[in-house]
Amino acid sequence: HLSWLSQNDSVLLVVAQSLTAEAMKKWIAEKLSAQSLQFETNIPEIIYQYTKGNMLASAQVVEKISLVHEPDSILSM
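What you see is a predicted model, and the numbers here were worked out from it, not measured in a lab.

Undergrad: How would you sum up the overall build of the chain? Please name residues and give values.
TA: Secondary structure summary: the chain contains four helices and two strands in total. Secondary structure elements in the chain, listed N-terminal to C-terminal, are α-α-β-α-α-β. For 77 residues, the compact-globule estimate of 2.2 N^0.38 gives 11 Å, and the C-alpha radius of gyration of the chain, at 18 Å, exceeds that figure by more than 25%. Its C-alpha atoms give the chain principal-axis dimensions of roughly 55 × 20 × 15 Å. Of all 77 residues assigned to the chain, the portion counted as buried reaches 22%.

Undergrad: Quick one: what's the story with unusual backbone geometry, residue by residue and with numbers?
TA: Residue K52 is not a glycine yet carries a positive backbone phi of 55°. Relative to the assigned elements, K52 resides in the loop between α3 (43-51) and α4 (55-68). Here K52 falls in the exposed class, since its relative accessible area comes to 77%. A positive phi angle, near 65°, is found at D72, a position not held by glycine.

Undergrad: Hey, could you go over the pattern of salt bridges for me, with residue numbers and the actual values?
TA: Per the counting criterion, the structure on display carries two salt bridges. One continuous salt-bridge network, built from bridges that share partners, spans E22, K25 and E45.

About the criteria used
Residues numbered from 1 in each chain as written. Predicted model: local features only at pLDDT ≥ 70, side-chain atom pairs only at ≥ 80, totals over all residues. Heavy atoms only, no water. Helix = DSSP H or I, 4+ residues; strand = E, 2+ residues; numbered from the N terminus. Rg over C-alpha atoms; globule rule 2.2 N^0.38 Å. Buried < 20%, exposed > 50% of the residue type's maximum accessible area, 1.4 Å probe, protein only. Salt bridge = Lys/Arg side-chain N within 4 Å of Asp/Glu carboxyl O.

Structure below.
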């Protein structure tokens, strides 16, 4: 337990938790939208499953899609 450490004024404790599956899918959808990509509603779920919920991997997939995606087309499965 870190209570002894938290008493020190020079220490900052940060608690980090993983996103829930739904929050992660929402985050993926926001990243796709930020890249001006249009997509079917199942695409964030597919990316989430493909990357096994890994946020960095998901961001990389979205970036790769944005590089090869044809303008004015919709991402679909």
